[in-house]
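Report on the structure
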Amino acid sequence: MSVMDAMTVAKAAARAPVGVELSPKPSLIGLTREEMGAALREKGVPDKQIKMRVSQLWNWIYVRGVSDFDHMTNVAKDMREMLKQHFTIARPEIVEEQISNDGTRKWLLRFPPRGAGRPVEIEAVYIPEEGRGTLCISSQVGCTLTCSFCHTGTQRLVRNLTAEEILSQLLLARDRLGDFPDRDVPVGAVVPSEGRKVSNIVMMGMGEPLYNFDAVKQALLIATDGDGLSLSKRRVTLSTSGVVPEILRTGEEIGVMLAISLHAVRDDLRDILVPINKKYPLKELIEACRKYPGLSNARRITFEYVMLKDVNDSLEDAKGLVQLLKGVPAKINLIPFNPWPGTNYQCSDWAQIEKFADFINSAGYASPIRTPRGRDILAACGQLKSESERMRKTERLAFEAMMIANHGADD
């Protein structure tokens, strides 16, 4: 089997709905310009046309948002037929779309098995606000990190997502929200009053992005390409639990905003809450943050801190947090714990969260407390999980969710 044939089978397996015969068509979504040019050249497009054809396709896929080659009206009919015969630009299958009372949306997307195995599912979440719309994207199916307070972490890692699958979450969200040219916003949809419906991206869905570095990098570079989706890198935030060797690379090779899932200021406690700390302890993590390229007061690192009652919410913890981050341009997001079935943790009392925040603020750090969002669809940070292990709707109604907010620049 040739390399192209192997890629064809793999990509087809990542797209075909359950019970449908696999199509031998690779996707053009997620390819770099060079890879797209090579794919066209292999199918007989003359070298002198490659640059022009790639430019056309790039515009139709990422600026116009088309998912059907027949809609590419300035591409000759014979060229469109060739593209339909050999490639696809289809979106993933939507298993379920849930819409919260506050306008938050969660999509359950299904990707069929790669080779032997069974279909896998991931979730993406859209959080609308007055001045922005934030899309939370997954990078893996499941997670390897087993953070003790995180529901997603109780699902074993199945596989990494490809650049195509990561980007497809953004394209699908923009489709569903009417965020491409000449598209209508769904009736009753809660979206920003002006500008883009999806203005910000956070890599905070299922998985650890830096354990899938190459695919995440390729997807985010395409998402921030000025001739395509054209998202500002200041509006894209990558969150990591602390994969120290890849943090510097993230700044140098991707250049987006950085968020750290911190949650503790002592190694002994963080070893329990975020076990990757045993491999990359706090001293190494904070040193990597200090060296993050472009770090400044205008380009701060966001530190995520989940508030766990009688675990990490004392004023001593607040003092330790200020000391730990001394000299690091930082914003500290305080996250009231989102309960899930089987957890032994409780959310800190609201009065204690406010005391904690007041101390951090008085020390000169912005420390917003996340606003409750998507409370009826279990869509919060740390709560995303695949269909096979999701709670029944009647159970979900018993839990509150705090949604991702205030990541990335406002302008």
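Rules used throughout
Residues numbered from 1 in each chain as written. Predicted model: local features only at pLDDT ≥ 70, side-chain atom pairs only at ≥ 80, totals over all residues. Heavy atoms only, no water. Phe/Tyr/Trp six-rings, centres within 6.5 Å; stacked < 30°, edge-to-face > 60°. Lys NZ or Arg CZ within 6 Å of the ring centre and 35° of its normal. Pairing = 2+ DSSP bridges. Helix = DSSP H or I, 4+ residues; strand = E, 2+ residues; numbered from the N terminus. Axes fitted to C-alpha atoms, helices over the stretch in contact; angles between N-to-C directions. Contact = heavy atoms within 4.5 Å. Salt bridge = Lys/Arg side-chain N within 4 Å of Asp/Glu carboxyl O. Buried < 20%, exposed > 50% of the residue type's maximum accessible area, 1.4 Å probe, protein only. pLDDT = per-residue confidence, 0-100.

Quick word on the packing of aromatic side chains
Within the structure shown, the criterion is met by three aromatic pairs. If you follow Arg33 out to its NZ or CZ, it ends over the ring of Trp58, 4.1 Å from the centre. Cation over ring: Arg174 sits above Phe180, and NZ or CZ is 4.3 Å from the ring centre.

Description of the sheet that holds strand β2 (residues 105-111)
Spatially, β1-β2-β3-β4-β7-β8-β9-β10-β11 is the arrangement adopted by the nine strands of the open sheet, whose pairing is mixed. Whereas interior strands pair on both sides, the edge strands pair on one side only; in this sheet they are β1 (93-99) and β11 (330-336). Within the sheet, the average angular offset between the axes of one strand and its neighbour, ignoring direction, is 20 degrees. One ladder, built from four bridges, connects strand β3 (residues 120-128) with strand β4 (residues 133-136); its direction is antiparallel. Counterpart to Pro128 in the pairing with β4 is Gly133. Packed on one face of the sheet, helix α5 (residues 163-177) meets β1, β2, β3, β4 and β7 (200-203) and runs near 135 degrees to β2.

Digging into the pattern of salt bridges
Scanning the entire structure with this criterion turns up 24 salt bridges. A salt bridge links Lys319 to Glu316, with the shortest nitrogen-to-oxygen separation between them at 3.5 Å. Residue Lys319 and its partner Glu316 are located together in helix α10 (residues 315-324), separated by three residues, close to a single helical turn. For Lys319, a relative accessible area of 42% corresponds to the partly exposed category. Salt bridges sharing common partners tie together Asp214, Lys217, Glu246, Arg249 and Glu253.

Details of the confidence of the model for the chain
When pLDDT is averaged along the chain, the result is 84, and 80% of the positions lie at 70 or above. pLDDT under 50 marks residues 1-23. Its contacts with residues more than four places away, or in other chains, come to 39 contacts. A low-confidence stretch, residues 380-405 (pLDDT under 50), is modelled with 91 contacts involving residues beyond four sequence positions or located in other chains.

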